[in-house]
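Descriptive structure summary
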Number of protein chains: 2
Amino acid sequence: MTDELKEDGYEEKRIVPEPLMRWTGAILGRASQKVRDSFENRMSGSCLKSRHYGALILLEDGAKTQIELGRLLWIDRTTMVALVDELEKSGDVKRERHPEDRRAYLIQLTEQGQVTLARARQIADEVEDEIFSALSDQEREQLRELLGRLI
Amino acid sequence: MTDELKEDGYEEKRIVPEPLMRWTGAILGRASQKVRDSFENRMSGSCLKSRHYGALILLEDGAKTQIELGRLLWIDRTTMVALVDELEKSGDVKRERHPEDRRAYLIQLTEQGQVTLARARQIADEVEDEIFSALSDQEREQLRELLGRLI
DNA sequence: TATTGTTATACTCTATAACTATA
DNA sequence: TATAGTTATAGAGTATAACAATA
């Protein structure tokens, strides 16, 4: 039940029943789930999940150790290993030794990774515009502001 | 890395780095994750996870089959089995044969389930007030309205 | 033929514990 | 002693396939 399209193509309506609408956390969770599902559905062609995409965005800012990356992505260091493995395998990222700390790696975006990121960002922007088309630009900005204060 | 409190009690700051703030889906996902974590953290005393709580809320409205319940909770029917098993084991719910469809069960809230629900709702309301204390009542209502349009 | 509930199974995501090599 | 990265492992959560009983 990960998305609206079932195997035979009929559209499964995902509603939030009225008794749950009084529970703000439930609305938030369901909106988040729907947005994430739509996003990953449309990004599936590029083999990137949202976590990979997030990592690429952060690395564009400059090379980072796995621990730093994990802290920014809310991902445990043991989980980061596989994530970086995958990005390295696809050639979007490379591990380099940290010049000042021989325990650590610096994860760097490769040239190919920059291309992947640019392409992914284009798709992601399209998807976001689609998902948030129910809101005006002003409302979307308002939503971001309100959510930002919850974190 | 499920919550802000680490084993030794120091508080892990969960921030959203600026490059990710431009990605609305990321903000939404992180807000949702934080709210869910806080909620389940505080509800852990009552042994209810958010899905159980959601089920009890829906059953207050009247008995439902597992399929109906699953459709309202966005939970697959194979996953519903264990969820109902747990609620039945704790005595909050009972399976009764559907009078008009001998394939189906009707899941009913027991008297004890009503007590559990009332107690859980009290805690949940407190938790929500705490979580959303960064927003005024009006802003919180606005957030619900905006999120509702995304679903 | 289709649907409800069920089981077995597998896959993803994530965290804990323990290790190594450094600091 | 503490930290970065790693592995093994185990626990959630969820989905697919197949089945029995019933519609």
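Attention in this report is confined to the structure presented alongside it. (Residues numbered from 1 in each chain as written. Chains lettered and ligands numbered in written order. Predicted model: local features only at pLDDT ≥ 70, side-chain atom pairs only at ≥ 80, totals over all residues. Heavy atoms only, no water.)

**Describing the overall build of chain A**
Convention followed: A helix here means a DSSP run of H or I that spans at least four residues, while a strand means a run of E at least two residues long, and both kinds are numbered starting from the N terminus. We call a residue buried when its accessible area falls under 20% of the maximum for its residue type, exposed when it is over 50%, and partly exposed in between, using a 1.4 Å probe and counting protein chains only.
Along the backbone of chain A there are 7 helices and 2 strands. The linear arrangement of helices and strands in chain A, starting from the amino end, is α-α-α-α-α-β-β-α-α. By principal-axis analysis of the C-alpha atoms, chain A measures approximately 55 × 40 × 30 Å. Here chain A, with 151 residues, has 47% of them falling under the buried criterion.

**Side note on the environment of Asp129(A)**
Considering the arrangement of structural elements, one finds Asp129(A) in helix α6 (residues 111-131). As for Asp129(A) and Arg95(A), which are separated by 34 residues in sequence, their C-alpha atoms are 34 Å apart.

**Examining the nonpolar core**
Where we set the bar: The nonpolar core is taken to be a set of buried Ala, Val, Leu, Ile, Met, Phe, Trp, Tyr and Cys residues, with the residues joined through side-chain atoms within 4.5 Å. The contact criterion used is simple: two residues touch if any of their non-hydrogen atoms lie within 4.5 Å.
Membership of the largest hydrophobic core comes to 80 residues, with the highest contact counts inside it found for Leu143(A), Leu147(A), Leu143(B) and Leu147(B). Ignoring any residue separated from it by four or fewer positions in sequence, one finds Leu147(A) in contact with Leu28(A), Ile27(B), Leu28(B), Ala31(B) and Leu143(B).

**Looking at the interface of chain B and chain A**
Reports of interface size often rely on the accessible area that becomes lost once the parts have come together. The criterion, for reference: Buried area: the accessible area, evaluated with a 1.4 Å probe, that two parts lose upon being put together, summed over both parts. The rule for a salt bridge is simple: a side-chain nitrogen of Lys or Arg has to be within 4 Å of a carboxyl oxygen of Asp or Glu. Note on residue categories: nonpolar means Ala, Val, Leu, Ile, Met, Phe, Trp, Tyr, Cys or Pro, charged means Asp, Glu, Lys or Arg, and polar means any other residue, Gly included.
Each partner contributes residues to the interface: chain B has 53 residues there, and chain A has 53 residues. Overall, the association of chain B and chain A removes approximately 5300 Å² of surface from exposure, summing both partners, and the carbon and sulfur fraction of that is 69%. Among the residues of chain B in contact with chain A, Trp23(B), Trp74(B) and Leu150(B) are the three that bury the most area, contributing 16% of the side total. Counting across the interface, chain B meets chain A through 2 salt bridges. In this structure, the salt-bridge partner of Arg149(A) is Glu139(B), at a minimum N-O distance of 2.9 Å. Counting residues per element, the ones that place at least two in the side of chain B that touches chain A are α1 (18-21), α2 (24-43), α3 (50-60), α4 (66-73), α6 (111-131) and α7 (137-150) of chain B. Broken down by element, the residue count for the side of chain B that touches chain A peaks at 12 residues, all from α2(B). Class assignment for the residues of the side of chain B that touches chain A results in 29 nonpolar, 10 polar and 14 charged.

**Things to note about the packing of α2(B) against α6(B)**
All names here are of chain B. We apply this condition: Geometry is summarised by axes, namely lines fitted to C-alpha atoms with helices restricted to the contacting stretch, and by angles between N-to-C directions that run from 0 to 180 degrees. Our angle categories are set so that under 35 degrees counts as roughly parallel, over 145 as roughly antiparallel, 65 to 115 as roughly perpendicular, and the remainder as oblique. Throughout, a crossing is termed right-handed when the near helix is turned clockwise from the far one, and left-handed when it is turned anticlockwise from it by less than a right angle.
Packing of α2 against α6 brings their axes to within 10 Å, and their N-to-C directions diverge by 140°. Compared by their axis directions, α2 and α6 come out oblique. Pair α2 / α6 crosses with right-handed handedness. Listed contacts from α6 to Val35, Ser38, Phe39, Arg42 and Met43 of α2 are Ala120, Ile123, Ala124, Glu126, Val127, Glu130 and Ile131. Its residues assigned to classes, the contact of α2 with α6 comprises 8 nonpolar, 1 polar and 3 charged.

**Here we look at the relation of the copies chain B and chain A**
Note the following rule: A residue counts toward the fit only if its pLDDT is at least 70 in both copies, and the copies are then superposed by least squares on the C-alpha atoms of those residues.
Superposing chain B onto chain A takes a rotation of 180° plus a shift of 0.0 Å along the axis, which leaves an RMSD of 0.1 Å. The transformation relating the two chain copies, once decomposed into turn and shift, fits a two-fold axis. Comparing interface residues between copies, 100% of those in chain B also sit at the interface in chain A, which points to an isologous, same-surface contact.

**Quick look at α2(B)**
Heads up, the condition is: An expected span of 1.5 Å times one less than the residue number is assigned to each helix.
The terminal C-alpha atoms of α2(B), which comprises 20 residues, lie 28 Å apart, in line with the 28 Å expected from a rise of 1.5 Å per residue. Of all 20 residues in α2(B), 15 are buried; the element is thus mostly enclosed.

**So, the environment of Ile131(B)**
Within the secondary structure, Ile131(B) is located in helix α6. On the basis of relative accessible area, Ile131(B) is assigned to the buried category, the value being 16%. In this structure the C-alpha to C-alpha distance between Ile131(B) and Ser38(B), which are 93 residues apart in sequence, comes to 7.6 Å. With residues up to four places along the chain from it excluded, the contact list for Ile131(B) reads Leu150(A), Val35(B), Ser38(B) and Phe39(B).

Keep in mind these values describe shape, not function.
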